[in-house]
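Each chain, written out:
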Amino acid sequence: MKIYNRQGVEIHDITVADSSCRYRSIMNDDSLTLNFSLPSAIEIPQFSFCVYEGARYMLWRPSEFKKNHSRDFEYTVTMHGWREHLKMVKYKDMSATPFRAKFSLTAKPVDMMQNLAACLNNHDSVGGWSVGDCLDAPEKVMSFNHESCLEALGRFAQEWETEYEFEGKKIH
């Protein structure tokens, strides 16, 4: 498994143990857990990533390792998909200047989702966030008070009794 730094430069090529796994479900975690042992300590910087089955998994939090012996280091590295990024971004009213984190919005699901994508693109220097397939339903009034984008997305799903799924940076 090749691990790249934030800039996309390969920093490690490791052989993972059979206990490594990928966990993916709708409206829940999308993670890749890598278990491996090395004879020396290595550093895997935060925001390093790897590509598995065409999906990008990023290290959002520092990894853990266990030193068994001076030449035996066990690593458990859990990388997550783009869903994890939504925990770090506040859902804001992107139509107001300055952006408001406490506001009410009357809109259809697609409009709420477009505002969500705008929040994410505003926070992500690379951008690329977009809305995929979206439910066509009547407008609803929702109030927000300093919620993360993931909390807001969960409320959308609950309010319109539907589910969401990530395909890279596209949210369906």
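Read on for a plain summary of the structure. (Residues numbered from 1 in each chain as written. Predicted model: local features only at pLDDT ≥ 70, side-chain atom pairs only at ≥ 80, totals over all residues. Heavy atoms only, no water.)

1. Thoughts on the layout of surface pockets
Convention followed: Only protein atoms enter the calculation, which uses a 1 Å grid: trapped sets of points that fit a 1.4 Å probe without letting it out are cavities, open sets showing protein on both sides within 12 Å along at least five of seven lines are pockets, and any residue with an atom within 4 Å of a point is a lining residue. Grid points are joined across faces, edges and corners, and a volume is the space filled by probe spheres set on the points. Throughout, the ten residues Ala, Val, Leu, Ile, Met, Phe, Trp, Tyr, Cys and Pro are labelled nonpolar, Asp, Glu, Lys and Arg are labelled charged, and all others, Gly among them, are labelled polar.
Counted as a void, the largest pocket has a volume near 330 Å³. Estimates place the volume of the second largest pocket at around 280 Å³. The wall of the second largest pocket is formed by 19 residues, among which Arg24, Asp30, Phe166, Glu167 and Gly168 lie closest to the centre. Class assignment of the residues belonging to the lining of the second largest pocket gives a composition of six nonpolar, five polar and eight charged.

2. Regarding the nonpolar core
Condition: Throughout, nonpolar core names a set of buried Ala, Val, Leu, Ile, Met, Phe, Trp, Tyr and Cys residues whose side chains join them through atoms within 4.5 Å. Using a 1.4 Å probe on the protein chains alone, a residue whose accessible area is under 20% of its type maximum counts as buried, one over 50% counts as exposed, and one in between counts as partly exposed. Going along the chain from the N terminus, every DSSP run of H or I of four or more residues is numbered as a helix, and every run of E of two or more is numbered as a strand.
Among the nonpolar cores identified, the biggest contains 31 residues, and Leu86, Tyr91 and Phe156 are the most heavily contacted of them. The greatest single-element share of this core, amounting to six residues, is contributed by helix α2 (residues 149-159). One finds Leu32, Phe36, Tyr57 and Phe73 within the second-largest nonpolar core, a separate group that totals 13 residues.

3. A short note on the pattern of salt bridges
For clarity, the threshold we go by: Throughout this description, the term salt bridge denotes a Lys or Arg side-chain nitrogen within 4 Å of a carboxyl oxygen of Asp or Glu.
Applying the stated criterion across every chain, the model contains 12 salt bridges. Between Glu165 and Arg24 there is a salt bridge, with its nearest N and O atoms 3.6 Å apart. Placement of Glu165 in the loop between α2 and β12 (166-167) and of Arg24 in strand β3 (residues 21-24) is noted, with a sequence separation of 141 residues between them. Given a relative accessible area of 45%, Arg24 falls into the partly exposed group. Taken together, the shared-partner salt bridges connect Lys2, Glu10 and Asp13 into one network.

4. Re the sheet that holds β12
Rules: Only strands joined by at least two bridges in the DSSP assignment are considered to pair.
Taken together, three strands build an open sheet; the order of strands is β10-β13-β12 and the sheet is mixed. Unpaired on one side and paired on the other, β10 (130-131) and β12 mark the two borders of the sheet. Strand direction decides the pairing type here: β12 and strand β13 (residues 170-171), joined by two bridges, are antiparallel. When the bridges of β13 are listed, Glu167 appears paired with Lys170.

5. Side note on the environment of Ala55
Test applied: Here, residues are in contact when the closest pair of their heavy atoms is within 4.5 Å.
As for its placement among the helices and strands, Ala55 is situated in strand β6 (residues 55-58). Distance from Ala55 to Gly81, taken between C-alpha atoms, is 7.7 Å for residues 26 residues apart in sequence. Here Ala55 is in contact with Arg22 and Cys50, once residues within four sequence places are set aside.

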